[in-house]
Structures are given as C-alpha cells and as structure tokens.
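# Topology and contacts: notes
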Amino acid sequence: MKKQTARYKRFTRSRFGNAVYSIILILAGLFTIIPLIYSVVTSFKPLDELLAFPPRFFVVRPTFKNYIALPELLSNLEVPLSRYVMNTLFVTVSITVLQVLVSSMAAFVTCQVKNRWTKLFFMLVQFALLYNGTTLAVPQYLIFAKIGIIDTYWAYILPALASTMGVFLIKQFMESNVPEVLIEAARIDGAGAGRIFWRLVMPLSKPAWLTLTLFSFQSAWTATGGNLIFSESLKTLPSVMGSVVSSGLARSGSAMAVTVLMMIPPVLIYMATQSNVLETMSSAGIKD
Amino acid sequence: MKKTKGISKWSTGDKITLSLMMLPFLAVFVLFMIVPVISSLVLSFTEYDMINAPKFSGLKNYFRMFIEDKVFMIAIKNTLMFAVVTGPVGFMLSFMLAWMINELSPTVRTVLSFLFYSPALMGNVYFIWQVMFSGDSYGYVNSLLLSLNVISEPIQWFNDARYAMTLVIIVQLWMSMGVSFLANISGLQNVDVALYEAGAIDGIRNRWQELWYITMPSMSNILLFSAVMQIQSSFSVSTIATTLTGFPSVNYSTHTIVTHLSDVSSTRFEMGYAAALSVFLFALMAVTRIVIGKLIDSTGK
C-alpha cells in the first residue's frame, strides 16, 4: 500500500514543481518566523547594541540584563507585579476550565438529544462562528453595563464562555468518534446521563477538549479586558506589557524579554496538544 | 451516532441532568451572542446615548450611514479592501501552505506547522512589526533601504497613507495562519489516498488537476469551516490597525467599520448609530459566508 502511494506520487509531481515549492515554503517560513527571532535576539541585546546606529539585527554580546531588569521595571507600577501575574493566571485558568466544561456539556446534550430545538441551537452555533468579540463589542458592552459586570473579573470570563467554537468542535468530534453503541451499552448497565458524560464520553473526546484548551488558553492569556476593565488591581499582564513596550528604544530589550516570557506558556501548550488538534480538526467540517 | 431514537430513551432523571448540562452554555450564549444581535437590530432604529431612554427614529441611522457619514464610506472601502485582500489571500495561503507541507515527512511537517502557526501563538506580538518598520532611521527596513540607497530619507511607514494600508494587510496576513490553517492540514491528511490513485488512473495529469478535482471537493466541509474563520478575522480588522497606525490613522487610511464602530460608541456614545453599523457589518459577513459556501460547493465541477 505504502509503496503504491509513493509510486503514484512521482507520477503527478514534477521535479521543477518540487523545487518551486521548497523555495516558497522557505520564504514563507522566514516571513512568519522573523518577528519571533527578532524578539528573542533583541531580548538579549545590551544597551549599546539596542541604541547602535545603524541598527543591527543580530546580537553580538548577549546579556541577561534585560531579563534581570524586568522585576524592578514592572514593580514601579501602581499595583505589585504579583497582582498582575495572579490576575492573569486566575483569568486564564478560569476561562479555560469553565469553557472546556461548559462547552463539552452543551456539545454532549446536542449530540444525545436530537429534536428541533437542538437542531436550531446547533445551526445558531455554526452561524455564530462568524462573529467574534470584536464584531460584537458594542452590543455586548450594552449588556455588560445592564447586568453590571463591567470592571469585574466576570467581564473577562463570561463573554469568553459564550464563544461557540468549543461547542462546535467538540460536538463534531463526538458525532464521529464516540460510538452510539457504547452509550447504549452503558445505559443498559444502568449508568445515568451524568455518569455517561463524565466517565465515558469525556475520556473518548479528549482530543477535542484538549484542542479547545489550546484555543481557549491562547485567547485568555492575551486578554486585556479592553474598555471593560478600569481598576488597575484587576488588570492582567498583557496590559502591563503594553506600557513597557511603549516606553522607547532603550527599553526595547526589556519589552522583548517580557514578550518572550509571555510566549512560553502558549507555545508549551501548543506542543503538548498539537497532535490532538489535528485529530479534532478533521471532524470540524461545516455542512452547508 | 446515527441510530439515535431521540430523547424518549432517557429517563426523567436523565432528562433533568441533560437540561442542567445544557443550561450554562445556553445562558451565556443567549445573553452574550443572541441578545446582543437582537438588541442591536432593535436599537439601530433608535437614538440612544446610554443615559436617556432610546428614542425611536425610524431609518434615520441607516440614512445617515449611507448619505451623511463620509468617514463611514472610507471605513466600508477599507473594510472591503482588507476583507477582499486578506480574506481570500489568507484563506488560500493557509490552504496552499498546508497543502505543500502535507507531503513532507512528519517531522518536517510538524516543524513547519509550528512555524506557520507561531504568529497566532504569539498573541499580540504584532507590535514587533512596528519596530521593524519604525519611521526613523533606527527602523530595520528604513536602515536597510537607506544603506542600499533605495531611499534618501526614512519613510514614515505607518504614518504615510500610501503605505499604512499595505503594511496592515501584511501584518494581518502574517497573523492569519490560525485555526483555519490547522483545520486545512488535518483535512488534507484525511483525504482518502485511494481517491488519488483512482484519479491517476482516470487521467489526472498534474497536481493542480488533482487539487481541483479530488482534494478540494473531498474536504469541502473543512474548507467552509476555515473560510468562516477567515471571514471572521478579515472583517474585524481593527486592533492591529489602531495599534500600528494609531487612531485615527492619517487620512483615515486604515479606518475600518469596526474602528468606526468603537469610535461612534465609546467616544461619542451614539449607541443607536453604532447598533446600525453593527447590523450592517453582521449582514455583510453573513452574505459573504453564503457566497463562499456556494463557491466551495462548486469546486471540482
């Protein structure tokens, strides 16, 4: 089987085409990675290299000074740095855990109960994939103001939970990967809906909710609260980062050091979940 | 799960459990997605400043949008420009790159996938482009062009209406390899190899024919999903634009519907008019979504 595939591939692939492809891929790879390389390289530059004229891309004498200067630089703020760190962790973890739980439960019900209401619900979920927080900002703001969650942690958490991506991905995955017979069998053995969900369906849909964990973490980690959070004591690291980043060329080394540190958690989670993501995405199609 | 016989098989206790499981998501979904959309539709026919009660004003907001508001016309033009360039280009780019790396060895594929997805992982790191295209001679691009004698004085990249739009488009494209890219990779990996072999026997000559007649039709559902993701991001370009080019941008060169929306709502508090703008944006995105669904449906025919 494998050999056949290989032989056939040579048939529709020309050597010229392959060469062109490699060049395109290398250029595209460079284009996407340059900012990343830039931020890592710059974070290790000593002051004189940061200010060097003409600017040099690569670092000559790397130093950790920019990283060491960070705590002091960041604690000149109104609120101790630990507060921002705790806020970020609290918001990110709550959003991720709650979103995975809430979306998985809704996806499970949509799978198990097929009537006109759940059909309508899933149609709306699919349609709502089009709209994100940015497009809905204005009408959402009015609702937030009405229910009084502006300038509270809820302003971070609740709107994030309403994202339909999770329900969509998990439901599609459950439809094609959780065999109905297993659920039937569990029911015959006397398991209730809650037990079936927690002990049977959730373990089987692990790739799907790990995928959601990645996406959810990624967006929660960079959430700044925008115009919904005023109190300094409720702000998160990304908003603090903004203030370091905008403080000029001499601070650009530290700005990049913060950036690099902030990049680490999402990258680690991506690496841990990557294969699950691909498995999940294969069932993510929309039927029109 | 094709053989489901409906809820009847669940006991009353289970039905209560199932309803309770549905409740949390349903509540936030209705409150933060459905209600906002409906309320913007209603408010779009009123004048509302968030202090006094909304006053019915008929179609006035819509007339204002298309007849009086000169800036809105610029915003539509820019939004469409972003959407037309970054939407299809981003979509094709994410599909083509996924397609190209699909045949490489698993290790190379994993590394390249990471590279292409990394901008999305880095979150709001796009400000780095600002450093690279910095307007003084400390900017890397300016410095490079100066030393090559292409230009004689530094270009104010983001403050020059001639370049601002193009640069924001480039940065948006750089960011665009997100969820849709991952979906495309996995869609491609799941196309049945037997179809390719059958295609080769039936006279498929090169990779383009194969792409059009076999690959795309057999992953059309995934393509629609990734198109939806691209529409979502390309129509709502605003933060990138305001971070890079400031607000308002020079001659409104990167002013989009979403930027306009936040200007009208959070600085002028004209919520009725803002609602009308949102309704217009929703409609624009929905129509695009339908058209793209039809287009994807027609591949391979």
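This one's a predicted model, so the numbers in the text were calculated from it and none came from an experiment. (Residues numbered from 1 in each chain as written. Chains lettered and ligands numbered in written order. Predicted model: local features only at pLDDT ≥ 70, side-chain atom pairs only at ≥ 80, totals over all residues. Heavy atoms only, no water.)

Moving on, we come to the packing of helix α2 (residues 15-43) of chain A against helix α3 (residues 70-101) of chain B. Contact geometry of α2 of chain A with α3 of chain B gives a least axis separation of 11 Å together with a crossing angle of 120 degrees. Classified by the interaxial angle, the pair formed by α2 of chain A and α3 of chain B is oblique. Crossing handedness for the pair α2 of chain A and α3 of chain B: left-handed. Residue-level inspection shows Y21, I24, L25 and A28 of chain A of α2 of chain A in contact with α3 of chain B, the latter providing L97, W99, M100 and I101 of chain B. Among the residues making up the contact of α2 of chain A with α3 of chain B, the classes are represented as eight nonpolar, no polar and no charged. (Axes fitted to C-alpha atoms, helices over the stretch in contact; angles between N-to-C directions. Helix = DSSP H or I, 4+ residues; strand = E, 2+ residues; numbered from the N terminus. Parallel < 35°, antiparallel > 145°, perpendicular 65-115°, else oblique. Left-handed = near helix turned anticlockwise from the far one by under 90°. Contact = heavy atoms within 4.5 Å. Nonpolar A, V, L, I, M, F, W, Y, C, P; charged D, E, K, R; others polar.)

The next point concerns the confidence of the model for chain A. For any part of a model where pLDDT is low, the fine detail of the predicted coordinates should not be relied upon. Residue and element names in this part refer to chain A. For chain A, the mean per-residue pLDDT works out to 84, and 93% of the residues sit at or above 70. Looking at the elements of chain A, mean pLDDT is at its lowest for helix α1 (residues 2-12), recorded as 45, and at its highest for helix α6 (residues 81-112), recorded as 93. Between residues 1-8, whose pLDDT stays under 50, and residues either more than four places distant or in other chains, the model counts eight contacts. (pLDDT = per-residue confidence, 0-100.)

In many analyses, interface size is given as the accessible surface area lost on bringing the parts together. The partner chain A presents 112 residues to the 101 residues of chain B that form the contact. Carbon and sulfur atoms supply 74% of the area buried between chain B and chain A, which totals about 9500 Å² over both sides. Our count for the contact surface shared by chain B and chain A stands at zero salt bridges. On the surface where chain B and chain A come into contact, there are eight residue pairs in polar contact (both at pLDDT 80 or more). Here the residues of the side of chain B that touches chain A sort into 68 nonpolar, 24 polar and nine charged. (Buried area = accessible area lost by both parts, 1.4 Å probe. Salt bridge = Lys/Arg side-chain N within 4 Å of Asp/Glu carboxyl O. Polar contact = N/O pair within 3.5 Å; in protein donor to acceptor, adjacent residues only side chain to side chain.)

Before going further, it helps to spend a moment on the packing of aromatic side chains. Geometrically, a pair of aromatic rings is defined through the distance of the ring centres and the angle of the planes. Overall, the coordinates contain 26 aromatic pairs over all chains when judged by the stated rule. Ring geometry for F90 of chain A versus Y153 of chain A: centroids 5.0 Å apart, planes at 70 degrees, classification edge-to-face. Residue F90 of chain A is located in helix α6, and its partner Y153 of chain A is located in the loop between α8 (133-147) and α9 (154-161); the two are separated by 63 residues in the primary sequence. On the basis of relative accessibility, which here comes to 43%, the residue F90 of chain A falls in the partly exposed class. Classification of Y153 of chain A as partly exposed rests on a relative accessible area of 24%. Each ring, one from F108 of chain A and one from F197 of chain A, has its centre 5.2 Å from the other, and the planes form 50 degrees; the classification is tilted. On the criterion of sequence distance, the pair formed by F108 of chain A in helix α6 and F197 of chain A in helix α12 (residues 193-204) is long-range, its members being 89 residues apart. In terms of burial, F108 of chain A and F197 of chain A fall into one category: buried. Lying across the ring of W10 of chain B, R187 of chain A places its NZ or CZ 4.1 Å from the centre. (Phe/Tyr/Trp six-rings, centres within 6.5 Å; stacked < 30°, edge-to-face > 60°. Buried < 20%, exposed > 50% of the residue type's maximum accessible area, 1.4 Å probe, protein only. Lys NZ or Arg CZ within 6 Å of the ring centre and 35° of its normal.)

Attention shifts here to helix α14 (residues 237-245) of chain A. For α14 of chain A, the complete set of buried residues consists of L237, P238, V240, M241 and V244 of chain A. Mapping the buried residues of α14 of chain A onto a view down its axis gives an arc of 155 degrees, with all of them on the same face. At its buried positions, α14 of chain A is contacted by α5 (70-75), α6, α13 (206-221) and α15 (252-281) of chain A together with α5 (127-132) of chain B. (Arc of directions from axis to C-beta.)

Residues and elements named next belong to chain A. Once the domains are mapped, chain A shows domain 1 (2-68) and domain 2 (80-281). Each of domain 1 and domain 2 has a C-alpha centre, and these two points are 30 Å apart. Of the roughly 870 Å² buried between domain 1 and domain 2, counting both surfaces, carbon and sulfur atoms make up 78%. The tally of links from domain 1 across to domain 2 stands at zero salt bridges. Between the two partners, domain 1 and domain 2, sit one residue pair in polar contact (both at pLDDT 80 or more). It is α2 that provides the largest number of residues to the side of domain 1 that touches domain 2, a total of six residues. When its residues are assigned to classes, the side of domain 1 that touches domain 2 shows seven nonpolar, four polar and no charged. (Domains from an automatic or database assignment.)

Residues and elements named next belong to chain A. Mapping N66 onto the fold places it in helix α4 (residues 65-68). Take N66: its relative accessible area is 9%, and that puts it in the buried class. Within the structure, N66 has its side chain in polar contact with the backbone oxygen of K45 (distance 2.9 Å). Here N66 is in contact with T42, S43, F44, K45, L50, G253, S254 and A257, once residues within four sequence places are set aside.

With that out of the way, let us pick up a nonpolar patch on the surface. Residues and elements named next belong to chain A. Residues I23, I26, L27, L30 and I34 make up a contiguous nonpolar surface patch of about 470 Å² in total accessible area. Structurally, the position occupied by L30 is in helix α2. Residue L30 is classed as partly exposed on the basis of its relative accessible area of 43%. (Patch = residues over 30% accessible without salt bridge, like charges linked within 9 Å, V, L, I, M, F, W, Y side chains within 5 Å. Areas by Shrake-Rupley, 256 points an atom, 1.4 Å probe, with all protein chains shown as cover.)

Moving on, we get to the environment of M65 of chain B. All names here are of chain B. By the element assignment, M65 lies in helix α2 (residues 60-68). Taking the C-alpha atoms as reference, M65 lies 8.1 Å from Y273; in sequence the two are 208 residues apart. If near-sequence neighbours (up to four positions away) are discounted, M65 is found in contact with F72, M73, Y273, A276, L277 and F280.

Before going further, it helps to spend a moment on α15 of chain A. Residue and element names in this part refer to chain A. Helix length check: α15 (30 residues) gives 38 Å between terminal C-alpha atoms against 44 Å at 1.5 Å per residue, more than 12% under. Its axis deflected by about 60 degrees at T273, α15 carries its strongest bend there. Of all 30 residues in α15, 21 are buried; the element is thus mostly enclosed. (Expected span 1.5 Å × (residues − 1). Bend = angle between axes of the 7 residues up to and from the residue.)

Moving on: the packing of α6 of chain A against helix α1 (residues 12-43) of chain B. Between α6 of chain A and α1 of chain B, the shortest axis-to-axis distance is 8 Å and the interhelical angle comes to 130 degrees. Looking at the two axes, α6 of chain A sits oblique to α1 of chain B. As α6 of chain A packs across α1 of chain B, the resulting crossing turns out to be left-handed. Across from V102, M105, A106, F108, V109 and T110 of chain A in α6 of chain A, the residues of α1 of chain B making contact are L18, M21, M22, P24 and F25 of chain B. Classifying every residue of the contact of α6 of chain A with α1 of chain B by side-chain character gives 10 nonpolar, one polar and no charged.

Before going further, it helps to spend a moment on the nonpolar core. Formed by 187 residues in total, the largest nonpolar core has its most connected members in M281 of chain A together with F225 of chain B. In contact with M281 of chain A, not counting residues within four places along its chain, are L169, T211 and F215 of chain A together with V179, L182, A183, S186, I222 and F225 of chain B. (Core = buried A, V, L, I, M, F, W, Y, C linked by side-chain atoms within 4.5 Å.)

Turning our eyes to something else, we now look at the environment of L237 of chain A. Residue and element names in this part refer to chain A. Position of L237 relative to the elements: it lies in helix α14. Among the residues examined, L237 registers a relative accessible area of 15% and is labelled buried. It is 33 Å that separates the C-alpha atoms of L237 and P203, two residues lying 34 residues apart in sequence. Non-local contacts of L237, meaning those with residues more than four positions away in its chain, are made with L81, Y84, V85, T88 and M262.

With a phi close to 65 degrees, D151 of chain A is a non-glycine residue in the positive phi region. Here D151 of chain A lies in the loop between α8 and α9. We classify D151 of chain A as partly exposed; its relative accessible area is 21%. Residues other than glycine seldom take positive phi values, yet F269 of chain B does so here, at roughly 50 degrees. Position of F269 of chain B among the secondary structure elements: in the loop between α13 (257-267) and α14 (271-297).

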